[in-house]
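Here's the letter readout for the chains.
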Amino acid sequence: MQRRRACLAVAAVAAGRAAGAAGDTPDRPVRLVVAYPPGGVSDLVARALAAQVGGALGGPIVVEHRGGAGGAVALQALARAVPDGRTLCFCAISPLAAPPGLPRPAWAAAVVPVIAVVRTPTLLVATPAFPAGGLADVLAAARSRPGALRWATTGTGTVGHQVLEAVCRAAGIAVTHVPYRGGGAQLQDAVGGQFELLSTNVGPLQLDHLRAGRLRALAVGAPQRVALLPAVATFAESGMPGADRTSLFGIFAPPGTPPAVRDRLHRVFAEALDQPALRRRIVAGGNLVAGGSAQAFADEIARQPR
């Protein structure tokens, strides 16, 4: 009898773990870790997405911010999380490709891509610290005073930093890189003229500052001009095609997440991305809805330069 009770207890524990792995534990919230500080495009999109999928995942979604190292801090923490579908990360794919000359961290190959969410064009803007002229004037100033212009990005190795390096190579200039932990504080300092140039993403706050004249768009990194900024040329049109880069953000799960759990998460988030209200909100900010299969997301990450 005691042996039979022990077996039943073990079976109950196993069943409970299986239910938890499937995300069927409504008493436990889902943690969605945003890999950047509040205030940026990632914050707006992640919160809109969390509001859409909360009920479908069987409980509330708690959005947490864990910025640092261009998203690598959050993904590294995700790599240590329990793979039960209750801890997820919203992050760009850039941290998964190590900067040139540096080894790729082990966790980069271990985190589980769930779904691509949004593609965001990269935008180069001038701040009040560089009050006159366009991109040609910026390049001329950088050539005449190497290193004098300060160019802010959301961190080393991010897409914004990759754009900086591509422009410097193509134009033969040198600037001073100012890496930030995320887009919110960076945007505030840009408006305050704390530096001359800024790599940012196209988003509602950025568009508001551009329309008000607090920032000035110089070029956009995208395959074609952005509909909301029709007068802003792409880097390719400006003679620097290597700088035409977009940021791809998506949902990631911890290493070891069972395929059934990943597939359920993918289905829930894919259904959310199909909702017209959420799609309109993403597009209104100048971004593109991504979506697609988990495998297609993984394949795109694998194609990133290392």
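Refer to the preceding data block for the structure.
Residues numbered from 1 in each chain as written. Predicted model: local features only at pLDDT ≥ 70, side-chain atom pairs only at ≥ 80, totals over all residues. Heavy atoms only, no water.

Colleague: Explain the nonpolar core to me, and be specific about the residues and the numbers.
Modeller: Counting 52 residues, the largest nonpolar core has Leu49, Phe90, Val117, Ile251, Phe252 and Phe269 as the members making the most contacts within it. In terms of residue count, helix α2 (residues 41–53) provides more of this core than any other element does, 7 residues in total. Ranked by size, the runner-up nonpolar core spans 25 residues in total, among them Ala141, Leu149, Leu218 and Ala219. (Core = buried A, V, L, I, M, F, W, Y, C linked by side-chain atoms within 4.5 Å. Buried < 20%, exposed > 50% of the residue type's maximum accessible area, 1.4 Å probe, protein only. Helix = DSSP H or I, 4+ residues; strand = E, 2+ residues; numbered from the N terminus.)

Colleague: I'd like a description of the environment of Leu75, backed by residues and values.
Modeller: With respect to the helices and strands, Leu75 occurs in helix α3 (residues 72–78). Accessibility expressed as a relative area gives 0% for Leu75, which makes it buried. Along the chain, Leu75 and Ala253 lie 178 residues apart, while their C-alpha atoms are 9.2 Å from each other.

Colleague: Tell me what's going on with α2, and back it up with residues and numbers.
Modeller: Taking 1.5 Å of rise per residue, the 13 residues of α2 would be expected to cover 18 Å, and the 19 Å separating its terminal C-alpha atoms lies within 8% of that figure. Of the positions making up α2, those classed as buried are Val41, Ser42, Asp43, Val45, Ala46, Ala48, Leu49, Ala50 and Val53. (Expected span 1.5 Å × (residues − 1).)

Colleague: Tell me what's going on with the pairing of strand β1 (residues 30–34), and back it up with residues and numbers.
Modeller: The element β1 is largely enclosed, with a buried count of 4 among its 5 residues. Across 5 bridges, the pairing between β1 and strand β2 (residues 61–65) is parallel. Looking at β2, one finds that Val33 is bridged to Glu64. Since β1 and β2 lie parallel, the crossover through α2 that links them has a hand, and here it is right-handed. For β1 and strand β3 (residues 87–92), the ladder comprises 4 bridges, and the chain directions are parallel. Each bridged residue has a counterpart across the sheet, and for Val33 the counterpart in β3 is Cys89. (Pairing = 2+ DSSP bridges. Right-handed = clockwise from strand over helix to strand, strands pointing away.)

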